[in-house]
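Working through the structure, step by step
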Amino acid sequence: MKSNDQEEKLFQRDETGMGSTEIKGSNTIKDPDDWTTGDERMTGAQHSYLTTLCAEAGEEFDENLTKAEASKRIDELQHKTGRGLENG
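In short, a report on the structure.

What the protein chain contains, in helices and strands, is three helices and two strands. In the protein chain, the succession of helices and strands from N to C terminus is α-β-β-α-α. Buried positions account for 25% of the 88 residues belonging to the protein chain. Put simply, 50% of the contacts in the protein chain that link residues at least 6 apart link residues at least 24 apart. Total accessible area on the protein chain stands at roughly 6,400 Å², and carbon and sulfur atoms take up 44% of it.

See below:
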């Protein structure tokens with residue numbers, strides 16, 4: 001079993017603290033469709049970040065998204081706006 005320190009080396013939190021970015025060789029990242037809590041309401045942090053991304057992208061904000069749907073929407077809008085994506 002891995003310690004918390006070892007697990008922290010496998011992934012990095014994104015700037016919202018809600019998701020993570022896989023580090024090469026890691027299999028710790030799950031598809032939002034596979035999350036056991038994915039059908040719960042989005043978190044406060046997701047709500048806040050999505051509000052910002054939607055405003056920047058000129059897109060409508062849907063406050064009724066689930067955690068999994070919000071995560072996918074965040075990814076989509078990050079690609080559209082360039083916000084939250086690493087350079088390189």
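Further notes follow.
Looking now at the nonpolar core. Residues Met-42, Tyr-49, Leu-50, Leu-53, Cys-54, Ala-57, Leu-65, Ala-70, Ile-74 and Leu-77 constitute the largest nonpolar core, which totals ten residues. Listed by contribution, the elements that provide at least two residues to this core are α2 (44-57) and α3 (67-81). A per-element tally of this core places α2 first, with five residues.

On the surface, Glu-60, Asp-62, Glu-63 and Glu-69 cluster together to form a negatively charged patch. With a relative accessible area of 38%, Asp-62 lands in the partly exposed category.

On the secondary structure map, Gln-46 appears in helix α2. Of the polar contacts made by the side chain of Gln-46, one reaches the backbone nitrogen of Thr-43; its length is 2.9 Å.

The rules behind each value
- Residues numbered from 1 in each chain as written.
- Predicted model: local features only at pLDDT ≥ 70, side-chain atom pairs only at ≥ 80, totals over all residues.
- Heavy atoms only, no water.
- Helix = DSSP H or I, 4+ residues; strand = E, 2+ residues; numbered from the N terminus.
- Buried < 20%, exposed > 50% of the residue type's maximum accessible area, 1.4 Å probe, protein only.
- Contact = heavy atoms within 4.5 Å.
- Areas by Shrake-Rupley, 256 points an atom, 1.4 Å probe, with all protein chains shown as cover.
- Core = buried A, V, L, I, M, F, W, Y, C linked by side-chain atoms within 4.5 Å.
- Patch = residues over 30% accessible without salt bridge, like charges linked within 9 Å, V, L, I, M, F, W, Y side chains within 5 Å.
- Salt bridge = Lys/Arg side-chain N within 4 Å of Asp/Glu carboxyl O.
- Lys, Arg positive; Asp, Glu negative; His and termini not counted.
- Charge placed at Lys NZ, Arg CZ, Asp CG, Glu CD.
- Polar contact = N/O pair within 3.5 Å; in protein donor to acceptor, adjacent residues only side chain to side chain.

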